[in-house]
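Structural description and commentary
Here's the letter readout for the chains.
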Amino acid sequence: MEQLLVHCAAAIESNDATLSQQILWVLNNIAAADGDSNQRLTWGFLRALITRATKTGNTKLLTAVAHLHSNNNLPIIHNHRFSIIELASFVDLTPWHRFGFTAANAALIEAVEGFPVVHIVDISLTHCMQIPTLIDAIATRMKMLPVIKVTVAGTVEELPPFPDFTYDELGTKLVNFAMSKNLILEFRTVPCSCSDGFSALIEQLQLPQDPGEALVINCHMMLHYIPEETINSCSLRDMFLKTIRTLNPTIVMLIDEDADFTSINLVNRLISAYNYLWIPYDTMETFLPNGNKSREWYNADIYWKIENVVSHEGRQRVERAETKSKWVQRMRNVGYRGVSFSEEAIGEVKHMLDEHAPVWGLKKDENEQHLVLTWKGHNVVFATAWVPAA
């Protein structure tokens, strides 16, 4: 199926209407939205290629695609908007996010022990779903309970999972939860944008901070939304990391998907996406039966990612993941050094994985400094911890 998709993408890019139509018909007969994991994966890419053809094709190609549409009613995909409770349950379904939560929480608690104030800057895709477990861990594990300040990057971009709640509502619940654990928590949101490297957030962080506070920068699957295009030969991603370093953070957590969606060539990008995004479809087979609502929501979020990678270009193409090795090199180049995860932190991650299917795995990379979540031996998500180099 991968080769058919590759040939189809190449035909669409070259505006070969005849070949595109032929391959699209074949793919349409193979793919199925409710089939096995390979059929659903193919169906997602088929939809994305049709969308791309309608945006970029010549008249002949548009006619061919329109004919395919008229004979095959492709269902509309709706991305669910989650309540706070729904989202908390949704991210707990697999280790995809829990892995990063667990590794980051363990590392940062060790880093901030003894500080009277802990300022957590949460740049996260999951709308603070990591914070309740962090509050609980601080309350139960730290000898001296600090004041917790949470600053959230409230991005203007809409990225799945989509919330059906405001940050004011979320902040109130987190403050109350912390209070139930005898902790003081201050919560604020800074409206900002991935497109300019979170500049509004940076401006707020550059204002004078409380002396003696521990500054924690928690980047969970969001930095790959910073455009990788260069400005005057300087990467916007590197600029963000350099500026954060000038704030002298106590620790920087960088967790992201170990994939490469940055190629300007559609075919190369499609191959990378296909060879990574089969994993979430495959994982669904182990825990979400057909007809389950959470399965529909999970499917829709993956379709969104596929369509963004394949169908869009320029500023609209925001899914631009980079591999762990690329991020590690970036961090070192701008003046950070890696921090190893302790045996206790690794033990917590392993304990969390024991709650899920046994084909999830954990490995240590790069002189055993970094952690990588695996599925059937394939890299999925990496977790890294950093401090400014001396």
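Above this text is the structure in question.
Summarised in this report is the structure supplied together with it. Keep in mind that what you see is a predicted model, and the values were worked out from it rather than measured.

Some words on the pattern of salt bridges
Inspection of the entire model under this criterion finds 24 salt bridges. Where Arg141 meets Glu348, a salt bridge forms, and the shortest distance between an N and an O atom there is 2.7 Å. Taken as a pair, Arg141 in helix H7 (residues 131-141) and Glu348 in helix H14 (residues 343-353) lie far apart in primary sequence, 207 residues in all. Relative accessible area serves as the criterion here: at 29%, Arg141 is assigned to the partly exposed category. By relative accessible area, Glu348 is classed as partly exposed at 26%. A salt bridge links Glu343 to Lys364; the shortest N-O distance between them is 3.8 Å. In this pair, Glu343 is assigned in helix H14 and Lys364 in strand S11 (residues 360-365), connecting sequence segments 21 residues apart. The exposed category is assigned to Glu343, whose relative accessible area is 59%. Judged by its relative accessible area of 33%, Lys364 falls in the partly exposed class. Overlapping salt bridges bring together Glu13, Arg52, Arg269, Glu313 and Arg317 as one network.

Structural notes on the packing of aromatic side chains
A complete count under the given rule lists 11 aromatic pairs for this structure. A centroid spacing of 5.3 Å and a plane angle of 85° characterise the contact between Phe82 and Trp297, whose relative ring orientation is edge-to-face. You can see Phe82 sitting in strand S1 (residues 81-82) and its partner Trp297 sitting in helix H12 (residues 293-311), a full 215 residues away along the chain. The residues Phe82 and Trp297 share a single accessibility class, namely buried. An aromatic cluster of three or more residues is present, and its members are Phe82, Phe90, Phe287, Trp297 and Tyr298. Directly above the aromatic system of Trp327 lies the positively charged group of Arg330, at a separation of 5.6 Å from the ring centroid.

Section: helix H8 (residues 167-180)
The first and last C-alpha atoms of H8 sit 20 Å apart over 14 residues, in line with the 20 Å expected at 1.5 Å per residue. For H8, the complete set of buried residues consists of Tyr167, Leu170, Gly171, Leu174 and Ala178. When H8 is viewed along its axis, its buried side chains cluster within an angular range of 100° and face the same direction. Seen from the open side of H8, the exposed residues pointing more than 90 degrees away from its buried face are Asp168, Lys173, Met179 and Ser180. On its buried face, H8 sits against helix H5 (84-91), H7, strand S3 (147-155) and strand S5 (185-192).

Notes on the nonpolar core
Judged by nonpolar contacts, the single largest core of 129 residues is most densely connected at Ile123, Phe198 and Phe341. Look past the residues within four positions of Ile123 in its chain and what remains in contact with it is Ala153, Phe198, Leu201, Ile217, Asn218, Cys219, His220, Met222 and Phe240.

Conventions used here
- Residues numbered from 1 in each chain as written.
- Predicted model: local features only at pLDDT ≥ 70, side-chain atom pairs only at ≥ 80, totals over all residues.
- Heavy atoms only, no water.
- Salt bridge = Lys/Arg side-chain N within 4 Å of Asp/Glu carboxyl O.
- Helix = DSSP H or I, 4+ residues; strand = E, 2+ residues; numbered from the N terminus.
- Buried < 20%, exposed > 50% of the residue type's maximum accessible area, 1.4 Å probe, protein only.
- Phe/Tyr/Trp six-rings, centres within 6.5 Å; stacked < 30°, edge-to-face > 60°.
- Lys NZ or Arg CZ within 6 Å of the ring centre and 35° of its normal.
- Expected span 1.5 Å × (residues − 1).
- Arc of directions from axis to C-beta.
- Contact = heavy atoms within 4.5 Å.
- Core = buried A, V, L, I, M, F, W, Y, C linked by side-chain atoms within 4.5 Å.

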